[in-house]
Amino acid sequence: MILRPKGTIDWFGNRAKMLKFVEKKLDEITNLFNFEYIETPVFEYFELFHRENENSDMVKKETYNFLDKSERKLTLKPEQTASICRAFIENKLYTEQDIKKFYYLAKNYRYERPQKGRYREFYQFGVEVFSNKHYLIDAQLIFLLDYIIKSFKLKNTKIHINSLGDNQDKKNYNNRVFEYFNEYKEDLCYDCNQRLKDNPLRILDCKLDNEKEFFKNCPTSIQTLSEESKQYFEKVINVLDKLGINYCIDNFLVRGIDYYNNIVFEARSSIEGFNNANVIGGGGRYDNLVKELDGPDIGGVGFAMGIERLIDVLLHNNEFINQIETDVYIIDTTNLDKHIALSKLLLDNNLKVDYNLENKKFQTLFKNALKSNPKYIIIIGDDEVLNNYYSIKNTKTMTQEKVLEKDLIRYLKGEYYVD
Ligand code: HAM
């Protein structure tokens with residue numbers, strides 16, 4: 001038997017329903033915030049991600065790279081931001097408006113060690129805003145992230161925020177972190193010894209080393225911020241306070257990709273056992289990326305959320321499952337195909353409908369109907385046909401009523417009650 005590739009998911013059943021539900025809700029929310037949908041190819045030229053300034057493990061070690069038949073070097077997108085910057089530049093979208101706000105839901109590919117919440121193929125929902133740098137844009141995006149968290153009723157989820165400062169601040173911080181950890185070289189894990197050489201900031205993310213005593217006094221990025229970066233950070237924080245957003249300042253938050261400067265943030269869930277999968281989303285400002293890709297000098301800020309992780313949290317909280325319902329399930333025991341005309345009537349009235357096709361005992365049909373989680377079950381039996389009514393079971397209260405066809409739609413929509 002051929003199995004699915006390691007680290008991938010077959011979407012079916014409840015998780016597939018959740019995927020569609022989450023997608024719809026995120027569409028609605030981004031619409032409210034007036035973002036426009038963008039979609040770019042699944043693969044891009046290798047050079048788009050493998051840039052001189054990008055030394056993250058994600059790009060260096062985890063990308064799926066291949067040559068096409070004409071020997072072009074391509075990469076399956078490991079993330080969307082660089083690809084959307086490319087589309088923004090290539091299609092001159094910066095000429096359209098001063099601020100461009102995009103959202104996406106797309107698949108990403110990373111050759112990671114598969115584990116809970118960490119896959120080789122995964123969905124990200126995300127947003128990217130391109131404009132001149134303004135603290136209100138950063139604040140609006142963090143507000144959007146908070147709005148999503150609240151809309152999905154994600155309990156135990158907090159937004160962590162930090163600032164890496166501008167290019168110079170970031171360089172200074174990198175040097176300070178290098179100097180600090182260089183003193184503890186012998187105590188660092190194998191990977192962090194490597195990071196010390198390539199990308200010292202990544203040590204701050206290490207789940208092994210951050211438990212160690214020497215870690216506690218590591219310098220924070222806030223200590224190296226210029227006055228201007230400090231003020232920018234404070235302005236963002238002030239707006240978040242005014243909006244009542246549930247956040248915390250996290251001095252060790254650095255993020256895993258190198259294009260960030262200034263504000264960085266993550267939404268983290270504190271559900272036990274989620275371990276590394278607790279980061280539901282993350283992002284930040286990237287003022288140099290568009291320019292680095294030969295575009296104009298326009299800044300960007302955005303975030304992306306892992307859809308599989310979001311769904312894991314929703315399933316764990318038992319949230320929303322009951323909202324994914326069929327309006328009506330028809331059980332027809334008469335062999336008269338009455339349900340075909342009835343289902344058309346219901347569909348014409350925008351009601352979601354399903355029905356049985358098998359000729360089984362009523363009890364079995366009823367049990368099967370409940371699996372579709374309908375609000376109502378309409379029963380068509382011999383007496384119903386003879387006397388021209390429908391028996392309607394409310395699956396919440398398990399009460400049953402007789403309703404005439406003329407009253408049916410109003411009854412199902414809650415506009416008519418049986419005396
Ligand atoms: P990222 O932190 O690499 O950032 O990914 C964002 C989110 O995608 C993570 O917080 C996580 O929920 C999810 N994720 C990442 N890797 C995996 C995986 N292997 N399996 C399942 N879920 C995963 C970015 O990708 C940036 N492009 C975000 C951004 C947008 N920054 C600015 N704009």
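Residues numbered from 1 in each chain as written. Predicted model: local features only at pLDDT ≥ 70, side-chain atom pairs only at ≥ 80, totals over all residues. Heavy atoms only, no water.

Below, the discussion takes up the overall build of the chain. A count of helical and extended segments in the chain gives 14 helices and 16 strands. Along the three orthogonal principal directions, the C-alpha set of the chain runs to about 85 × 55 × 50 Å. Per-residue burial over the chain gives 53% buried out of 419 residues. Sequence-distant contacts, at least 24 apart, represent 70% of the contacts inside the chain between residues at least 6 apart. For the chain, the exposed surface amounts to about 21800 Å²; the carbon and sulfur share of it is 48%. (Helix = DSSP H or I, 4+ residues; strand = E, 2+ residues; numbered from the N terminus. Buried < 20%, exposed > 50% of the residue type's maximum accessible area, 1.4 Å probe, protein only. Contact = heavy atoms within 4.5 Å. Areas by Shrake-Rupley, 256 points an atom, 1.4 Å probe, with all protein chains shown as cover.)

This next bit is on a nonpolar patch on the surface. On the surface, Val42, Phe43 and Phe66 cluster together into a nonpolar patch covering about 260 Å² of accessible area. Along the chain, the position of Phe66 falls in strand β3 (residues 65-67). Given a relative accessible area of 33%, Phe66 falls into the partly exposed group. (Patch = residues over 30% accessible without salt bridge, like charges linked within 9 Å, V, L, I, M, F, W, Y side chains within 5 Å. Salt bridge = Lys/Arg side-chain N within 4 Å of Asp/Glu carboxyl O.)

For Asp332, the location among the structural elements is in strand β12 (residues 326-332). Lys338 provides the closest opposite charge to the buried, unpaired Asp332, separated from it by 8.1 Å. There is a polar contact of 2.6 Å between the side chain of Asp332 and the side chain of Thr334. One polar contact links Asp332 to His339, side chain to side chain, over a distance of 2.8 Å. The residues contacting Asp332, other than those within four sequence positions of it, are Asp337, Lys338, His339, Asn356 and Ile380. (Lys, Arg positive; Asp, Glu negative; His and termini not counted. Polar contact = N/O pair within 3.5 Å; in protein donor to acceptor, adjacent residues only side chain to side chain.)

A word on the site of the ligand. Within the structure, the ligand sits among 26 residues, and Glu79, Thr81, Glu112, Glu128 and Tyr260 are positioned closest to it. Here an oxygen atom of the ligand and a side-chain polar atom of Arg110 are 2.9 Å apart. A distance of 2.6 Å is found between a nitrogen atom of the ligand and a side-chain nitrogen or oxygen belonging to Glu112. Against a free-state accessible area of 650 Å², the protein chains account for coverage of 95% of the ligand. When contributions to the shell around the ligand are tallied by element, the ones reaching two or more residues are β6 (121-131), β10 (279-286) and β11 (299-306). With six residues, the top contributor of residues to the shell around the ligand is β10. Here the residues of the shell around the ligand sort into 11 nonpolar, eight polar and seven charged. (Near = heavy atom within 4 Å. Nonpolar A, V, L, I, M, F, W, Y, C, P; charged D, E, K, R; others polar.)

Its 16 residues give helix α8 (residues 227-242) an end-to-end C-alpha distance of 23 Å, which sits within 8% of 22 Å, the value for a rise of 1.5 Å per residue. Those residues of α8 that fall on the buried side of the exposure criterion are Ser229, Tyr232, Phe233, Val236, Ile237, Val239 and Leu240. Down the axis of α8, the buried set is contained in an arc of 160°. They therefore lie on one face. Within α8, the exposed residues directed more than 90 degrees away from the buried face are Glu227, Glu228 and Lys242. Each element contacted by the buried residues of α8 is listed here: α5 (135-151), β7 (157-163), α6 (167-182), β8 (247-249), β9 (261-269) and β10. (Expected span 1.5 Å × (residues − 1). Arc of directions from axis to C-beta.)

Before going further, it helps to spend a moment on the pattern of salt bridges. Under the definition given, this model contains 29 salt bridges. Between Asp312 and Lys116 there is a salt bridge, and its shortest N-O distance comes to 4.0 Å. Here the residue Asp312 occupies a position in helix α10 (residues 307-316), and Lys116 occupies one in the loop between β5 (100-109) and β6, the gap between them amounting to 196 residues. For Lys116, a relative accessible area of 43% translates into the label partly exposed. With its nearest N and O atoms 2.6 Å apart, the salt bridge here joins Asp146 to Lys150. Here Asp146 and its partner Lys150 are both found in helix α5, four residues apart, which amounts to about one turn of the helix. Several salt bridges converge on common partners, so that one network encompasses Asp250, Arg255, Glu266 and Arg268.

Now for the packing of helix α11 (residues 338-348) against helix α14 (residues 405-412). A pair of packed helices can be characterised by two numbers: the angle between their axes and the separation between those axes. It is the contact of α11 with α14, at a shortest axis distance of 11 Å, that shows an interaxial angle of 45°. What the angle tells us is that α11 and α14 run oblique. For the pair α11 and α14, the crossing hand works out as right-handed. Along its contact with α11, which presents Leu342, Leu345 and Leu346, the element α14 presents Leu408, Ile409 and Leu412. Its residues assigned to classes, the contact of α11 with α14 comprises six nonpolar, no polar and no charged. (Axes fitted to C-alpha atoms, helices over the stretch in contact; angles between N-to-C directions. Parallel < 35°, antiparallel > 145°, perpendicular 65-115°, else oblique. Left-handed = near helix turned anticlockwise from the far one by under 90°.)

Let us look at the sheet that holds β6. Reading across from one edge, β1-β5-β6-β11-β10-β9-β7-β8 is the order of the eight strands in this open sheet, with mixed pairing throughout. Here the strands that pair on one side only, and so sit at the sheet edges, are β1 (36-37) and β8. One ladder, built from six bridges, connects β10 with β11; its direction is antiparallel. Bridge pairing in β11 places Gly281 opposite Met305. Each of β5 and β6 touches helix α1 (residues 13-32); the most contacted strand, β6, lies at about 5° to it. Seen against the sheet, α10 touches β5, β6, β9, β10 and β11 and runs at an angle of roughly 110° to β6. (Pairing = 2+ DSSP bridges.)

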